[in-house]
Amino acid sequence: MWRARQAAVACEVCQSLVKHSSGIQRNLPLQKLHLVSRSIYHSHHPALKLQRPQLRTSCQQFSSLTNLPLHKLKLSPIKYGYQPRRNFWPARLAARLLKLRYIILGSAVGGGYTAKKTFDEWKDMIPDLSDYKWIVPDFIWEIDEYIDLEKIRKTLPSSEDLAKLAPDLDKIAESLNLLKDFFTAGSPGETAFRATDHGSESDKHYKKGLLGELILLQQQIQEHEEEARRAAGQYSTSYAQQKRKVSDKEKIDQLQEELLHTQLKYQRILERLEKENKELRKLVLQKDDKGIHHRKLKKSLIDMYSEVLDVLSDYDASYNTQDHLPRVVVVGDQSAGKTSVLEMIAQARIFPRGSGEMMTRSPVKVTLSEGPHHVALFKDSSREFDLTKEEDLAALRHEIELRMRKNVKEGCTVSPETISLNVKGPGLQRMVLVDLPGVINTVTSGMAPDTKEMIFSISKAYMQNPNAIILCIQDGSVDAERSIVTDLVSQMDPHGRRTIFVLTKVDLAEKNVASPSRIQQIIEGKLFPMKALGYFAVVTGKGNSAESIEAIREYEEEFFQNSKLLKTSMLKAHQVTTRNLSLAVSDCFWKMVRESVEQQADSFKATRFNLETEWKNNYPRLRELDRNELFEKAKNEILDEVISLSQVTPKHWEEILQQSLWERVSTHVIENIYLPAAQTMNSGTFNTTVDIKLKQWTDKQLPNKAVEVAWETLQEEFSRFMTEPKGKEHDDIFDKLKEAVKEESVKRHKWNDFAEDSLRVIQHNALEDRSISDKQQWDAAIYFMEEALQARLKDTENAIENMIGPDWKKRWLYWKNRTQEQSVHNETKNELEKMLKCNEEHPAYLASDEITTVRKNLESRGVEVDPSLIKDTWHQVYRRHFLKTALNHCNLCRRGFYYYQRHFIDSELECNDVVLFWRIQRMLAITANTLRQQLTNTEVRRLEKNVKEVLEDFAEDGEKKIKLLTGKRVQLAEDLKKVREIQEKLDAFIEALHQEK
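These figures come from a predicted structure and were not determined experimentally.

Calculation notes
Residue positions within a chain follow its written sequence, with the count starting from 1. Owing to the predicted nature of the model, reporting of local features is limited to residues with pLDDT of at least 70; listing and counting of side-chain atom pairs is limited to 80 or more, with chain, interface and lining totals taken over all residues. Side-chain measures were taken over the full set of non-hydrogen atoms in the model, leaving aside hydrogen atoms and water. Strands were regarded as paired on the criterion that DSSP finds at least two bridges between them. Secondary structure elements follow DSSP: runs of H or I of four or more residues count as helices, runs of E of two or more count as strands, with numbering from the N terminus. Any pair of residues with heavy atoms lying within 4.5 Å of one another is described as a contacting pair. A fitted line through C-alpha atoms represents every axis, and for helices the fit uses only the stretch in contact; the resulting angles, taken between N-to-C directions, go from 0 to 180 degrees. Here a pair means two rings of Phe, Tyr or Trp (six-membered ring of Trp) with centres within 6.5 Å. Their orientation is stacked below 30 degrees between planes, edge-to-face above 60, and tilted elsewhere. Buried means the residue's accessible area, taken with a 1.4 Å probe over protein chains only, is under 20% of the maximum for its type, while exposed means over 50%, and partly exposed covers the values in between. Here, a disulfide means two cysteine sulfur atoms that sit within 2.5 Å of each other. Here a cavity denotes a set of grid points, spaced 1 Å apart and computed over the protein atoms alone, in which a 1.4 Å probe fits but from which it cannot get out, and a pocket denotes an open set meeting protein on both sides within 12 Å along at least five of seven lines; residues with an atom within 4 Å of a point are reported as lining. Grid points are joined across faces, edges and corners, and a volume is the space filled by probe spheres set on the points. Each residue receives one of three labels: charged for Asp, Glu, Lys and Arg, nonpolar for Ala, Val, Leu, Ile, Met, Phe, Trp, Tyr, Cys and Pro, and polar for the others, Gly being one of them. Patches in this entry comprise residues that are over 30% relatively accessible and not in a salt bridge; like charges within 9 Å are linked, as are nonpolar side chains (Val, Leu, Ile, Met, Phe, Trp, Tyr) within 5 Å. Each accessible area is a Shrake-Rupley result for a 1.4 Å probe, and residues are judged covered by the shown protein chains and nothing else. Within this document, salt bridges are pairs made up of a side-chain nitrogen of Lys or Arg and a carboxyl oxygen of Asp or Glu, the two lying within 4 Å of each other. Charge convention: Lys and Arg are scored as positive, Asp and Glu as negative, and His as well as the terminal groups of each chain are ignored. A charged residue contributes its charge at one atom only: NZ of Lys, CZ of Arg, CG of Asp or CD of Glu. In this scheme, roughly parallel covers angles under 35 degrees and roughly antiparallel covers those over 145, while 65 to 115 is roughly perpendicular and the rest are oblique. Each crossing gets its hand from how the near helix is turned against the far one by less than a right angle, where anticlockwise is left-handed and clockwise is right-handed. Every helix has an expected span of 1.5 Å times one less than the residues it contains. Confidence per residue, as judged by the predictor, is encoded in pLDDT with a range of 0 to 100.

Student: When you look at the sheet that holds strand S6 (residues 431-435) in this model, what are you seeing that I'm missing?
Tutor: Judged by pairing direction, the sheet is mixed, and its 9 strands sit side by side in the order S4-S3-S5-S2-S6-S1-S7-S8-S9 without closing on themselves. Strands with a single pairing partner mark the edges of an open sheet, and in this sheet they are strand S4 (385-386) and strand S9 (534-537). Direction of pairing for strand S2 (residues 364-370) relative to strand S5 (residues 419-425): parallel, over a ladder of 7 bridges. When the bridges of S5 are listed, valine 364 appears paired with isoleucine 419. Contacting strand S1 (328-332), strand S7 (469-475) and strand S8 (499-504), helix H14 (residues 485-492) runs over the sheet at an angle of about 160° to S7.

Student: How do you make sense of the packing of aromatic side chains when you look at a structure like this?
Tutor: Two descriptors summarise a pair of aromatic rings, namely the distance from one centre to the other and the angle between the planes of the rings. Summed over the entire model, instances satisfying the criterion amount to 14 aromatic pairs. Seen from their ring centres, tyrosine 305 and phenylalanine 989 are 5.1 Å apart, and the 45° between their planes marks the pair as tilted. You can see tyrosine 305 sitting in helix H10 (residues 301-313) and its partner phenylalanine 989 sitting in helix H34 (residues 968-996), a full 684 residues away along the chain. Residue phenylalanine 989 is classed as buried on the basis of its relative accessible area, which comes to 0%. For the ring pair tyrosine 674 and phenylalanine 882, a centre distance of 5.5 Å and an interplane angle of 55° mean the geometry is tilted. Here tyrosine 674 is found in helix H21 (residues 650-678), whereas its partner phenylalanine 882 is found in helix H30 (residues 867-892), with 208 residues between them in sequence. Classification of tyrosine 674 as buried rests on a relative accessible area of 3%. Of the aromatic side chains, those joined through ring pairs into one cluster are Trp662, Tyr674, Phe784, Phe882 and Phe917.

Student: What is the right way to look at the state of the cysteines in this model?
Tutor: One covalent bond between the sulfur atoms of two cysteine residues makes up a disulfide. Under the definition given, this model contains 1 disulfide. The disulfide bridge from cysteine 893 ends at cysteine 911, spanning 2.1 Å between sulfur atoms. With the S-S bond torsion at -100°, the cross-link from cysteine 893 to cysteine 911 turns out left-handed. On the criterion of sequence distance, the pair formed by cysteine 893 in the loop between H30 and helix H31 (897-901) and cysteine 911 in the loop between H31 and helix H32 (912-956) is long-range, its members being 18 residues apart. Comparing cysteine 893 with cysteine 911 shows no difference in burial state: the two are buried.

Student: Can you walk me through the environment of leucine 312 in this structure?
Tutor: Tracing the sequence through the fold places leucine 312 in helix H10. Distance in space between the C-alpha atoms of leucine 312 and leucine 325 is 9.2 Å, their sequence separation being 13 residues. Setting aside residues up to four positions removed in sequence, leucine 312 forms contacts with Asp323, Leu325, Phe604 and Ile982.

Student: I tried to follow empty space enclosed by the protein on my own but got confused; where do I start?
Tutor: Sizing a probe to match a water molecule and rolling it over the atoms shows the empty space that remains. Enumeration over the complete set of coordinates arrives at 7 cavities of 30 Å³ or more. In this structure, the second largest cavity occupies an estimated 130 Å³ of space. Every residue lining the second largest cavity is listed: Met344, Ile345, Gln347, Gly427, Gln429, Arg553, Thr578, Arg579, Ser582 and Leu583. Take the lining of the second largest cavity: its biggest share by element is 4 residues, from helix H19 (residues 578-618). A class-by-class count of the residues in the lining of the second largest cavity yields 3 nonpolar, 5 polar and 2 charged.

Student: Explain unusual backbone geometry here, please?
Tutor: Across residues other than glycine, the phi torsion is negative in most instances, and most of the peptide bonds are trans. The phi torsion at glutamine 347 lies on the positive side, around 65°, for a residue other than glycine. Relative to the elements of secondary structure, glutamine 347 occurs in the loop between helix H11 (338-346) and S2. Unusually for a residue other than glycine, threonine 577 sits at a positive phi of about 75°. We classify threonine 577 as buried; its relative accessible area is 11%.

Student: Would you mind going over a negative patch on the surface with me for this structure?
Tutor: Judged by side-chain charge, Glu417, Glu949, Glu952, Glu956, Asp957 and Glu959 come together as a negatively charged surface patch. The biggest single contributor to the negative patch is H32, with 3 residues. Mapped onto the fold, glutamate 959 is located in helix H33 (residues 958-964).

Student: So what exactly am I meant to see when it comes to the environment of isoleucine 350 here?
Tutor: Summarising the element assignment, isoleucine 350 is placed in the loop between H11 and S2. Measuring from C-alpha to C-alpha, the distance between isoleucine 350 and aspartate 392 comes to 9.6 Å, with 42 residues separating the pair along the chain. Contacts of isoleucine 350, omitting those with residues within four sequence positions, involve Glu343, Leu387, Leu393, Leu396, Arg397, Ile400, Leu421 and Val423.

Student: I'm lost on the pairing of S5 in this one. Help?
Tutor: Every regular strand shows the same layout, with side chains that alternate between the two sheet faces. S5 sits mainly inside the fold: 6 of its 7 residues count as buried. Bridge count between strand S3 (residues 375-378) and S5: 4 bridges; the pairing is antiparallel. In the sheet register, leucine 377 faces S5, and the bridge partner there is asparagine 422.

Student: Please explain the packing of helix H23 (residues 702-723) against H32 as it appears in this structure.
Tutor: Between two packed helices, both the angle of their axes relative to each other and the distance between the axes serve to describe the pair. Between H23 and H32, the shortest axis-to-axis distance is 9 Å and the interhelical angle comes to 50°. With respect to each other, H23 and H32 are oriented oblique. Judged by the sense of rotation from one axis to the other, the crossing of H23 with H32 is right-handed. Taking contact as the criterion, the partners of Leu702, Ala706, Ala710, Trp711, Leu714 and Phe718 in H23 are, on H32, Met923, Thr927, Leu931, Leu935, Glu939, Val940, Leu943 and Val947. Each residue belonging to the contact of H23 with H32 can be placed in one class, and the counts come to 12 nonpolar, 1 polar and 1 charged.

Student: Looking at this structure, how should I read the pattern of salt bridges?
Tutor: Two side chains carrying opposite charge are able to pair once their charged atoms lie near each other. Tallied over the entire structure, the rule returns 40 salt bridges. One salt bridge connects arginine 748 with aspartate 953, and the closest N-O pair in it is separated by 2.9 Å. Of this pair, arginine 748 sits in helix H24 (residues 735-748) while aspartate 953 sits in helix H32, and the two are 205 residues apart along the sequence. Given a relative accessible area of 34%, arginine 748 falls into the partly exposed group. Shared partners join several salt bridges into a network, and the residues in it are Arg608, Glu612, Glu624 and Arg980.

Student: Quick question: what am I supposed to make of the environment of isoleucine 549 here?
Tutor: Looking at the element boundaries, isoleucine 549 is found in helix H17 (residues 549-562). Look at isoleucine 549 and you get buried, because its relative accessible area is 10%. Each C-alpha atom of the pair isoleucine 549 and alanine 348 lies 6.3 Å from the other, and the pair is 201 residues apart in sequence. With residues up to four places along the chain from it excluded, the contact list for isoleucine 549 reads Glu343, Met344, Gln347, Ala348 and Arg349.

Student: Looking at this model, I keep getting lost on helix H28 (residues 820-838). Mind explaining?
Tutor: Each α-helix turn comprises 3.6 residues. Residues three or four places apart therefore point the same way. Counted at 1.5 Å a residue, the expected span for H28 with its 19 residues is 27 Å, and the 28 Å between its end C-alpha atoms agrees. Of all the positions in H28, only Gln822, Val824, His825, Asn826, Thr828, Lys829, Glu831, Leu832, Met835 and Leu836 are classed as buried. In this structure, the buried side of H28 is in contact with helix H26 (775-804), helix H29 (848-860) and H30.

Student: Looking at this structure, how should I read the confidence of the model for the chain?
Tutor: Averaged over all residues, the pLDDT of the chain equals 75, while 69% of them reach at least 70. When pLDDT is averaged over each helix and strand of the chain, the minimum, 36, is found for helix H8 (residues 188-196) and the maximum, 92, for S1. Across residues 182-207, where pLDDT falls below 50, the model places 15 contacts with residues more than four positions away in sequence or in other chains. Low pLDDT (under 50) marks residues 316-321, which in the prediction has 12 contacts with non-local residues, meaning those over four places away or in another chain.

And the structure:
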């Protein structure tokens, strides 16, 4: 009984400690406890000491009861020997044994009181720590929000389950009660009577047997105590080890969750502060706009670096100078999520999107920098796109798409030309990224045949830069074996010293991949041949292009907060989210910049020295004018030459206009007006025919012909001024440019539409005038007529010579012969000349019988001719005969001015043809004067305006200038200018970098 009561008290104390202990409860295993319960059948045992493992939480309570020793209870040994009063020694032995329970009970009560007193003393000694709560992290006080203590308590075994596993101490107490009843069954008198009267050897043996059983029972109890103690020790050790393992794992999981929550908490705080900073910055800028406080904003470090890269992108490395400045090159398979990652870093949906379609058709350089407003602008444009407005975002995406399609040449799918875009905003990491077209495996319909090779070429050109940071994007939702870009990256950076691997669409990968450890192998770089400086896993949305950046970020944080990949330590906390990726890429970028920028500056200094030396040796007396400066010089020369047109004298204009106009209309005047009119029989019919034909000519053709002549004359004079050499000052490097400006200006110039109408009236009035006022005008008309007829006669003689071949002189002197056709023409000509000699006043056309006669005469001499050949030959023969006759008549009319004044009365001489040529000459003079006025007053100014417009257009067209201003001198000056500009910008950037450091 005393052992049962002691054990019961001890169990109640332990249960109270378990119920009131704070911290995280632990699971107690219910199997494989000690083996004592197999041999001892009682519920409590004082020797069973279960060691409680120390709690590994951050807030563990201590008590003095944990240090109290458990006293071992032993039965007093029984002394054997002779007893003079043997009738009472069994009763005394039983009474002593029964007194032991009171001693044990008293010891338990006293020990409990002492323990309570000691606990109170220790409690008073502990200082009050309530004033130091701020030292303890917030998550300690909020641990119950993250750890379900009630759930853990329910998983632990109850006290009843533990009691079943303990030794059955009730049966031991029952055996002791039976022993007590045995010694106290009879009265003292009966006992004495049995001891005196019936004391025999059998009684002695019986009593000795009982004592032996009692001793044996005591020994068994001691053995069971030792066995229970050993089993309890073994159980406590194994239990502590198991609980320690479970506790370490739970602690790691708990710390990871706490770290993630803390990171998200501080990220929200940072975003809130950034938002407040943005609002304050807006207020400051608004005050600046109102003139309250004006200051000059200094260029940021990343903007200075971006300008250096822009200049380098246009620089042609002809002198072994290569661009090795760092930038972040974003490469990946098509639709792997490159653009989405870049948008998450830029915090705006700035790129055009398409489902499965190639959208990135040329490299896009994005310069990220901090700023008060979230805006974007192109390098060659001053327009700012507000990235907080959906309208501006749509306009920006459309503009990027238009620029990409403009860069792509006809017959191609992608272009190596770079689009430069600056993005500023609060909280953006400063860096320069280049988004490249996605790597493809197969060329589909609609693509150029060399699209795949072109994309590989562009990617290699950017990645072969030894200081470029390669951001390798891999789609996590597809099989790793289908990746193309990893092989390309491993070729360009085999040691992975500048490569950052990014696994996108991890949410889809976690759902679709059967083995999560495969994702861990991808992150650790075990599934790819490439090596990387860092590995990251990100989520770029749910696949909906209408999602905002904020929604994607919240979805990403929520996913990783609940993801098994993070909870099972497959991924580290710093390897997830695009924010951590942005920070890591920015740090790597600036580290690479600081390590390589000074070396690049020294390289450009050496290049500048080489170029300057080459210029001094080849062009010692010329200034170093680059292409733009040469264009400005040529522009001034061209404008000066256009102004020179206004310095041309009116006499010169009229002379060249009159001469050009007569060359244009002389054929029509002689063939269509003079020759038909000269075939008439009298002067009246002649004048009537001339008037009709001149009226028709003036109404339909003459004004237009005059304007054409004037415009051609203006072009010729303009070209003469543009191309004539200027002596030693002439620079042939401008010849191609001047020619192109002249052609484009002439193409754009159009004569005034009202000029023809006014000119028609003037020409009609001039041709109506028939009065020759003096002999000088008459002689001038005769001279003009003679020149015209002689020029026409000369042309006719040349035509006949070509028709009949060389004459006998040329045949003998130059060894030339006639062809068969020329011989036929010669025979025909001779036959027709005979006919004209017989009738010098023959009309202009042959009759059919005359043609037959000529043909038969030729056939009689063995010459076969065709009637059409006879007509063609007659036309030239008669034309020569007529012109010779007209020239003779013109000589006769030199003295005919007197008869003209008398209207040819009483005279056989008629000089109406001289009057016709005077009318033509007067019309030409008046028309030339009118055109000269239009030229000097209107058209020269309009041409000058067109030239200025053409020069302005050429100045904005860089390709045009490169095409028109070429040569070694130009290229050398261009390289010198760019190298100097790069060096100056690099020096300024390095100085600013040192100041910031």
